[in-house]
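# Chain and residue survey
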Amino acid sequence: MSNSRPTSRPRGPQAIPLTSEQVSPGFAALLSGLLPGLGQAYGHRWIRGILMLITPVLVLTLGTAFIVWADPLAAFAFRNAPLVAFVVIGGAFAFHLFVVGDAFAGRMHRLRGRHALDYAALALVTVALVAGYGTIYRESAPWAALAARVFAPLSRAPATTPGDRREPPPAWTGEERLNVLLLGIDSRDGDPVDRNTDTMIVLSLDPSNGTGAMLSIPRDIYVDRPGLFQGKINAAFAAGGPQLARRVVDDLLGIRINSYALINFAAFTRIVDGVGGLVVDARRPLRDEAYPTESYGVERLDIPAGPQLMLGDVALKYARSRHDSNDFSRAARQQTVIAALRTRLAQPEAFRGLPALIGSVGTTIETDFDPANVLPLARTATGIDGSRIESAVLVPCGAGLNPCQLTERTDGGYFLIPDDAKVRALVARLFYDPRIRREAARVDVENAGAPPGAAREVADLLAQRAYGVGEVGDAEPAPSAVVLRNPAKRYTADQLKELLGIPVETSTGTGLPDVVVRLGSDYRGPATAK
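Once a new chain begins, its residue numbering starts again from 1 and follows that chain's sequence as written. For a predicted model such as this one, the threshold for reporting local features is a pLDDT of at least 70, and the threshold for listing and counting side-chain atom pairs is 80 or more; totals across whole chains, interfaces and linings nevertheless cover every residue. Heavy atoms from the whole structure form the basis of all side-chain values; hydrogens and water molecules are not counted.

So, about the packing of aromatic side chains. Note on aromatic pairs: the rings of Phe, Tyr and Trp (six-membered ring only in Trp) are paired at centre separations within 6.5 Å, and the planes decide the class, stacked below 30 degrees, edge-to-face beyond 60, tilted for the rest. Under the criterion given, the structure shown has 5 aromatic pairs. For the cation-ring pair, R114 lies above F104, with the distance from its terminal atom to the ring centre recorded as 5.8 Å. Placement of a charge over a ring requires the Lys NZ or Arg CZ to be within 6 Å of the ring centre, with the centre-to-atom vector within 35 degrees of the ring normal. The ring of Y318 has R333 lying over it, and the distance from NZ or CZ to the ring centre is 5.8 Å.

This is how it looks when you write it as structure tokens:
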């Protein structure tokens, strides 16, 4: 009788690690083709698989960060966007192909001696990668070429303009107001680039409060700034390019223009066609018996009133025509078209055909806007409701339009002479300081010895600039001061100090108002014409 004890059987199934012979090279290659590193994980090479998964993510993140934060790299990347796109996509393809080959080779680092089915799987994955990355490159190449054209000014040395010793405007952070000068020119194939502008519009966005404004600048405004520019404002571009045009508008309006966007009519037409046309509500019929054609002839233009879909050529004609009405209704039509384009661009499907259209011969579109802020700008511009974007035009007095800011002069030609005070008053209302509105301080104004009516004038001035004006009245005689009663509203008090030229005093108090503007006998009027 044997004393040997029976061998116990294992209870339940047990996981048995795959050996190198049991791992399917073809399946491993297929897995890494789907996701880099997955095939290595299948072969129990976990560390190698994780490294191959996170390596491209880290490289892409670090590369993007360097381009965004290092201006020279950003300029190089956008100047050579097609080459950068080829290198990035080609590098990603080569890395992915290496990962697939590594998964196929396995722990033994062996490519030979596999089954025919494994080689067929490897070939299938390789073909799929070639097709996939080829498609990505074909889709991205037009966008890269477009980016190189649009952001071409980044690759050029910063231009200087006569009489401009100021620091450039601070970079936009996505929170404060953004002012962009839109320039439209009628350049055609073979034309010189130094042409007068046909359209000048300042587009201003307030991300903090979700509002915006558009101000059209008539082309016949006469600028008399010796050392900077003298002549009609639409000739500033021809004299010194977009930088001088921006500087002149900056000086006229008393605000800082953050960037410019330049577009010619060929590009505008193709953009509108590329997004499938614009829905424009023509408030009145437009008839023009002598609309200029591209061949320097004329044609008859007849656009009925009412909502309608306008393709590029019709939208351009609707925005440009000036023979049926004055230049100021034309500016209003241009703003209507821009608003319709903004609405259309808010729809993601509108972008697909744009690169090929805009990249055609004869088109011009460029900006010096920081490309790192393109996405925040897109979110801001499309997130503002159209009803919260105010439109205005600088208009002449005597034309039945009120308020007015310009005076017509016809000696030696037709000129519009700006009234600086009236222009700044309109600009202050449209382009207020977003932080002041966000702080929402209540400001009372007291006449403490100033001339009669001074308190009301100051209150009206502050209301134009989005200050929350409360009570306006008289007080006991005292020196002029901005009395800060709520320390949390310090920014408002400091801005009032700069505007009115009077010191800030702090005072303890409870409840409203947050700030009191006290006008004494020493008050001499606003210190700045901003």
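Here, the word disulfide means a covalent bond between the sulfur atoms of two cysteines. Here, the term disulfide refers to a pair of cysteine sulfur atoms separated by no more than 2.5 Å. Within this structure, the stated rule accounts for 1 disulfide. Two residues, C397 and C404, share a disulfide whose sulfurs are 1.9 Å apart. Measuring handedness by torsion sign, the sulfur bridge of C397 and C404 sits at about 90 degrees and is right-handed. Working definition: with a 1.4 Å probe on protein chains only, accessible area under 20% of the residue-type maximum means buried, over 50% means exposed, and in between means partly exposed. Residue class for C404 comes out buried when judged on its relative accessible area of 12%.

Next up on the list: the pairing of strand β5 (residues 229–232). Regular strands show a simple pattern: their side chains alternate between the two faces of the sheet. Any two strands are treated as partners once DSSP identifies two or more bridges connecting them. Numbered from the N terminus, helices here are DSSP runs of H or I no shorter than four residues, and strands are runs of E no shorter than two. As paired strands, strand β4 (residues 222–225) and β5 are joined by 4 bridges and run antiparallel to one another. Directly across from R225, in β5, lies its bridge partner F229.

Scored between 0 and 100, pLDDT is the confidence that the predictor attaches to each residue. Overall, the predicted model of the protein chain reaches an average pLDDT of 84, with 85% of residues at or above 70. In this model residues 4–10 is a low-confidence stretch, pLDDT under 50, and it forms 0 contacts with partners more than four residues away in sequence or in other chains. We call two residues in contact whenever any of their non-hydrogen atoms come within 4.5 Å of each other. For the stretch residues 12–16, pLDDT sits under 50, and the model shows 0 contacts to residues farther than four places along the chain or on other chains.

To continue, consider the sheet that holds strand β11 (residues 365–367). Spatial ordering of the open sheet is given by β11-β6-β1-β2-β3-β12, a layout of 6 strands whose pairing is mixed. Since the sheet does not close on itself, it has two edges, and those belong to β11 and β12 (389–393), each with one partner. Neighbouring strand axes in the sheet, compared pairwise and without regard to direction, differ in orientation by 15 degrees on average. Contacting β1 (178–185), β2 (197–206), β6 (259–264) and β11, helix α8 (residues 265–274) crosses the sheet at an angle of about 85 degrees to β6. Every axis in this analysis is a line fitted to C-alpha atoms, fitted for helices over the stretch in contact. Angles between the N-to-C directions lie between 0 and 180 degrees.

So, on to the environment of Y260. Its place among the elements puts Y260 in strand β6. Between the C-alpha atom of Y260 and that of L203, which follows or precedes it by 57 residues, the distance is 9.7 Å. Any pair of N or O atoms that falls within 3.5 Å is considered a polar contact. Within protein, one atom must be able to donate a hydrogen and the other to accept it, and sequence-neighbouring residues count only if both atoms are side-chain atoms. Engagement of the side chain of Y260 in a polar contact is seen with the side chain of E366, the distance being 2.9 Å.

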